[in-house]
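In case you want the letters, here they are:
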2 protein chains.
Amino acid sequence: MSSPVKRARRPSGGRDALLETAVGEFIDRGYDATSMEDLSRAAGITKSSFYHHFAGKEALLRAALERAVDGLFGVLDLPEARTGSPADRLRVIVAAQVGVLMAELPYVTLLLRVRGNTETERWALERRRAFDAAVRALVRDAVDAGEVRSDVDPALAARLLSGTINSIVEWYRPGRPGTATLPEDVVRAAFSGIVPAP
Amino acid sequence: MSSPVKRARRPSGGRDALLETAVGEFIDRGYDATSMEDLSRAAGITKSSFYHHFAGKEALLRAALERAVDGLFGVLDLPEARTGSPADRLRVIVAAQVGVLMAELPYVTLLLRVRGNTETERWALERRRAFDAAVRALVRDAVDAGEVRSDVDPALAARLLSGTINSIVEWYRPGRPGTATLPEDVVRAAFSGIVPAP
């Protein structure tokens, strides 16, 4: 994977197209309520063709959640997210996290709905928590460095930040007017206010 | 209803206790997957006792969603939310909205999960949209009055604001340490930044 934000769409070959169809069904019907039967029908192929690409429903879930998790952790690995002041790194991470959410919308949406009923879901939850912990540590560093106001509880700030970013999946759709600069808009909202004084 | 924020808990008599049990089950299992059988079992009463209080599952959903919707619209009706400058009214509304979310957590959680599959759900969605439209209009008024920076698209600001507030249901639990001043903390985050410069 190159940049998690500008990642090129892979050619919509067999496996990726099936994964995308499955994620759409999981989001619409709920993972538990979706059968391999439903998935084959939605993809317009036979169940055995489906099994040729994926061992089963949980393998699909795992592949989908890995794609979202890889995108998120790719953000933390960006060179600009690893050097510089804590506040500058936080700016880079917030913008790139919004970028991943926009580029990988269905996968991130699925990740945010995970509740931990299967081994795969518990793994994904643990990865989400690790990502949030990394951001929380960075907010704490920014407070310690005097770059962020100390009347903010870093844990609460990190929760509100992640809540603000994640809520975007509720309304964002690719190409939606007014969202071309969403990553920078969210950075500004986080550092200056959603409704800042002039 | 007096203040939506300081609303006193009603005595946990029959009807209210059943409603609270039902909302918990709806949240855990999903509304569609919950039967009156499940609800009676969870409440520890017979199905016919349950029907004595509520005509059925959708009546329970309606009562639960009405409680959340009444709480939200009660915020818009607060005297301090109806007079003063747009920015001041917005401050009052944000704080009171967070207060309602905290006081009516399960009911607001259920409202935020509604997807519009039944007539009751479509009604609740329409009410949510009306609430959001009222806040969006107020953000717009604050921009027009020069109280809020005009480089913010009012529609986007209103979405981020509502996303930030609503995301609190994901982690807030009554009595959680560090949440005593949550309404004011969210107001400060909205107007000055979640991670503001010193």
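Since the model is a prediction, treat every value here as computed from it, not as a measurement. (Residues numbered from 1 in each chain as written. Chains lettered and ligands numbered in written order. Predicted model: local features only at pLDDT ≥ 70, side-chain atom pairs only at ≥ 80, totals over all residues. Heavy atoms only, no water.)

Okay, the overall build of chain A next. In terms of regular secondary structure, chain A is built from 10 helices and 0 strands. The order of helices and strands in chain A, counted from the N terminus, is α-α-α-α-α-α-α-α-α-α. Expected size for 198 residues packed as a compact globule is a radius of gyration near 16 Å; at 18 Å, chain A falls within 12% of this value. Once the C-alpha set of chain A is aligned to its principal axes, its extents read approximately 60 × 35 × 30 Å. When burial is assessed residue by residue, chain A has 49% of its 198 residues classed as buried. Summarising the internal contacts of chain A: among those between residues at least 6 apart in sequence, 66% fall at separations of at least 24. Carbon and sulfur atoms make up 50% of the accessible area of chain A, which amounts to about 9,100 Å² in all. Positive and negative charge centroids in chain A, built from 27 and 26 side chains respectively, lie 2 Å apart. (Helix = DSSP H or I, 4+ residues; strand = E, 2+ residues; numbered from the N terminus. Rg over C-alpha atoms; globule rule 2.2 N^0.38 Å. Buried < 20%, exposed > 50% of the residue type's maximum accessible area, 1.4 Å probe, protein only. Contact = heavy atoms within 4.5 Å. Areas by Shrake-Rupley, 256 points an atom, 1.4 Å probe, with all protein chains shown as cover. Lys, Arg positive; Asp, Glu negative; His and termini not counted. Charge placed at Lys NZ, Arg CZ, Asp CG, Glu CD.)

Two side chains of opposite charge can pair, provided their charged atoms sit close to one another. This structure, assessed with the given rule, holds 26 salt bridges over all chains. Of the charged contacts, one joins Asp-77 of chain A and Arg-82 of chain A as a salt bridge, the two residues approaching to 3.1 Å between their closest N and O atoms. In this structure, Arg-62 of chain B and Glu-66 of chain B form a salt bridge, with 3.0 Å as the shortest nitrogen-oxygen distance. With Arg-62 of chain B and Glu-66 of chain B both in helix H4 (residues 57-76) and 4 residues apart, the pair spans about one turn of that helix. One connected set of salt bridges, linked through shared partners, spans Glu-25, Arg-29, Asp-38 and Arg-41 of chain A. (Salt bridge = Lys/Arg side-chain N within 4 Å of Asp/Glu carboxyl O.)

Ranked by size, the top nonpolar core spans 134 residues in total, and within it Leu-60, Ile-168 and Leu-182 of chain A together with Leu-60, Ile-168 and Leu-182 of chain B carry the most contacts. Taken domain by domain, this core gets at least three of its residues from each of domain 1 (10-54) and domain 2 (57-192) of chain B. For Leu-182 of chain A, the contacting residues outside a window of four places in its chain are Val-98, Met-102, Ile-168, Trp-171 and Tyr-172 of chain A together with Leu-156 of chain B. (Core = buried A, V, L, I, M, F, W, Y, C linked by side-chain atoms within 4.5 Å. Domains from an automatic or database assignment.)

Note that Leu-18 of chain B resides in helix H1 (residues 14-29). For the pair formed by Leu-18 of chain B and Ala-43 of chain B, sequence separation is 25 residues and the distance between their alpha carbons is 6.5 Å.

A few words on the packing of helix H6 (residues 86-103) of chain A against helix H10 (residues 182-192) of chain A. All names here are of chain A. Viewed as axis vectors pointing N to C, H6 and H10 meet at an angle of 135°, and their least axial separation amounts to 8 Å. Judged by the inter-axis angle, H6 sits oblique to H10. As H6 packs across H10, the resulting crossing turns out to be right-handed. Residues Ala-87, Leu-90, Arg-91, Val-94, Ala-95, Val-98, Gly-99 and Met-102 of H6 form the contact with H10, whose participating residues are Leu-182, Pro-183, Val-186, Val-187 and Phe-191. (Axes fitted to C-alpha atoms, helices over the stretch in contact; angles between N-to-C directions. Parallel < 35°, antiparallel > 145°, perpendicular 65-115°, else oblique. Left-handed = near helix turned anticlockwise from the far one by under 90°.)

Bringing helix H7 (residues 105-113) of chain A into the picture now. Residue and element names in this part refer to chain A. For H7, a buried count of 7 out of 9 residues is recorded, marking the element as mostly surrounded by other parts of the structure. Among all positions in H7, only Leu-105, Tyr-107, Val-108, Thr-109, Leu-110, Leu-111 and Leu-112 are buried. Of the surrounding elements, those touching the buried residues of H7 are helix H1 (14-29), helix H4 (57-76), H6, helix H8 (119-144) and helix H9 (154-166).

Turning to its location among the elements, Thr-164 of chain A is positioned in helix H9. Sequence separation of Thr-164 of chain A and His-52 of chain A is 112 residues, and the distance between their C-alpha atoms is 40 Å. Excluding its chain neighbours within four sequence positions, the residues that come into contact with Thr-164 of chain A are Leu-160, Thr-164, Ser-167 and Ile-194 of chain B.

Glancing now at the relation of the copies chain A and chain B. Placing chain A over chain B gives an RMSD of 0.0 Å and needs a rotation angle of 180°, together with 0.0 Å of translation along the axis. Taken together, these values place the two copies in the relation of a two-fold axis. Taking the C-alpha atom as reference, chain A places Gly-193 of chain A closest to the rotation axis, 1.8 Å from it. A high fraction, 100%, of the interface residues of chain A reappear at the interface in chain B, so the copies pair face to face through one surface. (Least-squares fit on C-alpha atoms with pLDDT ≥ 70 in both.)

This next bit is on the interface of chain A and chain B. Between chain A and chain B, the contact holds 36 residues from the first and 36 residues from the second. Counting the surface lost from both chain A and chain B, the interface buries some 3,300 Å², and carbon and sulfur atoms represent 61% of this. Inspection of the region where chain A meets chain B yields 4 salt bridges. Here Arg-188 of chain A ties to Asp-151 of chain B by a salt bridge, and the two come within 3.9 Å at their closest N and O atoms. (Buried area = accessible area lost by both parts, 1.4 Å probe.)

Here the focus is the side chain of Arg-67 of chain B. Residues and elements named next belong to chain B. Here Arg-67 lies in helix H4. What makes Arg-67 buried here is its relative accessible area of 11%. A distance of 2.8 Å separates the side chain of Arg-67 from the side chain of Glu-104, its partner in a polar contact. (Polar contact = N/O pair within 3.5 Å; in protein donor to acceptor, adjacent residues only side chain to side chain.)

A word on the confidence of the model for chain A. Residues and elements named next belong to chain A. Taken over all residues, the pLDDT of chain A has a mean of 91, while the share at 70 or more is 93%. Element-level pLDDT for chain A is lowest in helix H3 (residues 47-53), with a mean of 91, against a maximum mean of 98 in H6. In this model, residues 1-13 is a region of pLDDT below 50 whose contacts with residues beyond four sequence positions or in other chains number 19 contacts. (pLDDT = per-residue confidence, 0-100.)

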